[in-house]
Amino acid sequence: MPRGERWLQKVSATRTFARIAPHVIPALDRAVHRLTRGKVLLSARMLPGVVLTATGARSGLPRRTPLACLPEEGGWLLIGSNFGRPGHPAWTGNLLKNPEAEVSWRGRDIPVRARLLTGEERAQAWRAALAFWPPYATYQARVAREIRLFRLERR
């Protein structure tokens, strides 16, 4: 593993990062994504990322959220870590209520269907997520809730 990646993983597992990153990274990602017409996500320089557009569970309005993802054959795995903060991220509640969504991936808008993973399928996906980005283990250790995992499949 490159030295810079080890440093980034170490920093991203800190509580300070968990307090600051949710306010800074998504705002920067949304701005850069809009300016580049969907071709660039700054956070994707660290991890692959998508911009998820899901229907708000309460508002019914489209909600755009830049997220790290684990690309898979035919779709993506999304990890609702919320940077190891209490409470599930809002986008997970949106997908539970409205699983039909869209992702912007490398400048293309792709319709998807989200499915919350459970049981052995979740366990297998969690192992893949930890191999992909080990700080997820730190995030899970900080919270009592089980981090939600969603598989997005192309529609």
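One can find the structure itself at the top, above this paragraph.
A brief structural summary. (Residues numbered from 1 in each chain as written. Predicted model: local features only at pLDDT ≥ 70, side-chain atom pairs only at ≥ 80, totals over all residues. Heavy atoms only, no water.)

## Describing helix H3 (residues 90-97)
Here is step 1 of the chain: Buried within H3 we find Trp91, Thr92, Asn94 and Leu95. All buried residues of H3 lie within an arc of 160° about the axis, which places them on one face of the element. H3 presents Ala90 and Lys97 as exposed residues on the side facing more than 90 degrees away from its buried surface.
Here is step 2 of the chain: Here the buried face of H3 lies against strand E1 (49-55), strand E2 (62-68), strand E4 (75-80), strand E5 (100-105), strand E6 (108-116) and strand E7 (148-154). (Buried < 20%, exposed > 50% of the residue type's maximum accessible area, 1.4 Å probe, protein only. Helix = DSSP H or I, 4+ residues; strand = E, 2+ residues; numbered from the N terminus. Arc of directions from axis to C-beta. Contact = heavy atoms within 4.5 Å.)

## Observations regarding the packing of aromatic side chains
Here is step 1 of the chain: Evaluated as defined, the whole model comprises 4 aromatic pairs.
Here is step 2 of the chain: With a centroid separation of 5.7 Å and 65° between ring planes, the pair formed by Trp76 and Trp105 is classed as edge-to-face. Of this pair, Trp76 sits in strand E4 while Trp105 sits in strand E5; the two residues are 29 residues apart in sequence, bridging distant segments of the chain. Comparing Trp76 with Trp105 shows no difference in burial state: the two are buried.
Here is step 3 of the chain: A ring pair is formed by Trp91 and Phe150, whose centres lie 5.9 Å apart and whose planes are at 55°; its orientation type is tilted. Separated by 59 residues along the polypeptide, Trp91 in helix H3 and Phe150 in strand E7 bring together distant segments of the chain.
Here is step 4 of the chain: Judged by its relative accessible area of 7%, Trp91 falls in the buried class.
Here is step 5 of the chain: Three or more aromatic residues joined by ring pairs form one cluster here, namely Trp126, Tyr136 and Tyr139. (Phe/Tyr/Trp six-rings, centres within 6.5 Å; stacked < 30°, edge-to-face > 60°.)

The quantities given are spatial measurements derived from coordinates; they are silent on function.
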